[in-house]
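Coordinate inspection notes
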Amino acid sequence: MSGDLVRPFAAGIDGASGGVDPAGVVSERRLSDLRGLFRDAAALERAVGEGDEVVYRVVAAPVPEVEGEVPFSVTTIEAGRVGDEFYMTRGHAHPEPQGEVYFGLSGRGVLLMYDGEEVRWVEIRPGVAGYIPPGWAHRTANVGGEPFRFLAVYPGSAGHDYAIVAEGGMGARVVRSAAGYEVVEEPGGAGPAVREYYRRRKKRG
Ligand code: PAN
Ligand code: ZN
């Protein structure tokens, strides 16, 4: 494995376009990829029918997701809503309880974190770093009127578990309000199985 470690390099990070140069894997998520995640399923289906636009794009640097490496990527979330809920990422937990750092590049977003019991969130703007401790599932939402972009840096052995968020939720939703946005907790959203999942992983961390 260690023989495959990448050679030293520098990458250009373009906060205005979300580009990474050189780039590795680029992935896009459309509205239809986010079925089941927004509260207003009917509004989501209408939007899928009206063009199924790209909600976010992740451009990764060419660093493999293996132990010892430290992959990094830039996420761009477009501005928009499904019903009252802001465009957001699918959200995941790292099955190996590993931390992660987000760094705001452009626009304004909310980094939502959930350990199965407690919801925490921080606002990310250009120049602000958000810290995700081991054992906290995470999702970001664009709460502004322009694309929200951030750099993510995480251990290569962290892994990504999407099912646990798809099934158990994030304990809260980021929705429009008179003040702009608010984070609304959803008590009882996660069943005991989900709480146990996070509790177990947090201990291992
Ligand atoms: C980020 C996320 C990225 C997209 O790089 O993977 O923002 O979100 P989803 O992976 O939830 O679709 C990260 O947290 N990596 O670990
Ligand atoms: Zn992550």
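Remember, predicted model here, so these are calculated numbers, not experimental data. (Residues numbered from 1 in each chain as written. Chains lettered and ligands numbered in written order. Predicted model: local features only at pLDDT ≥ 70, side-chain atom pairs only at ≥ 80, totals over all residues. Heavy atoms only, no water.)

Looking at unusual backbone geometry
Each neighbour pair has its own omega, and for aspartate 21 with proline 22 the value is 10°, a cis peptide bond. For proline 22, the position within the fold is in the loop between β2 (19-21) and β3 (26-30). Positive phi outside glycine occurs at aspartate 52, with the angle close to 45°. Mapped onto the elements of the fold, aspartate 52 is located in the loop between α1 (41-49) and β4 (54-60). (Helix = DSSP H or I, 4+ residues; strand = E, 2+ residues; numbered from the N terminus.)

Quick word on the pairing of strand β8 (residues 100-106)
Direction of pairing for β8 relative to strand β11 (residues 129-132): antiparallel, over a ladder of four bridges. By the bridge assignment for β11, tyrosine 102 is matched with glycine 130. (Pairing = 2+ DSSP bridges.)

So, the UniProt feature "domain: Glucose-6-phosphate isomerase prokaryote" (unreviewed entry) in the protein chain
Mapped onto this numbering, the UniProt entry annotates "domain: Glucose-6-phosphate isomerase prokaryote" (unreviewed entry) at residues 29-177. A helix fraction of 10% and a strand fraction of 40% characterise residues 29-177, whose end C-alpha atoms lie 25 Å from each other. (UniProt positions renumbered as here; feature names shortened; annotations may be inferred.)

Comments concerning the coordination of the zinc ion (ligand 2)
Here the zinc ion (ligand 2) is held by the protein donor atoms His92 (NE2), His94 (NE2), Glu100 (OE) and His138 (NE2), which lie 2.1 to 2.3 Å from it. Seen from the zinc ion (ligand 2), its six donor atoms lie at angles of 75 to 176°, and the figure they make is octahedral. Counting the intervening residues between successive donors of the zinc ion (ligand 2) yields the motif H-x1-H-x5-E-x37-H. Of this pair, histidine 94 sits in the loop between β7 (85-86) and β8 while histidine 138 sits in strand β12 (residues 137-142); the two residues are 44 residues apart in sequence, bridging distant segments of the chain. Assigned by exposure class, histidine 94 and histidine 138 land together as buried. (Donors = N, O, S within 2.8 Å, 3.2 Å for Na, K, Ca; no water. Tetrahedral: all angles 85-135°; square planar, octahedral: opposite > 155°, others 65-115°. Buried < 20%, exposed > 50% of the residue type's maximum accessible area, 1.4 Å probe, protein only.)

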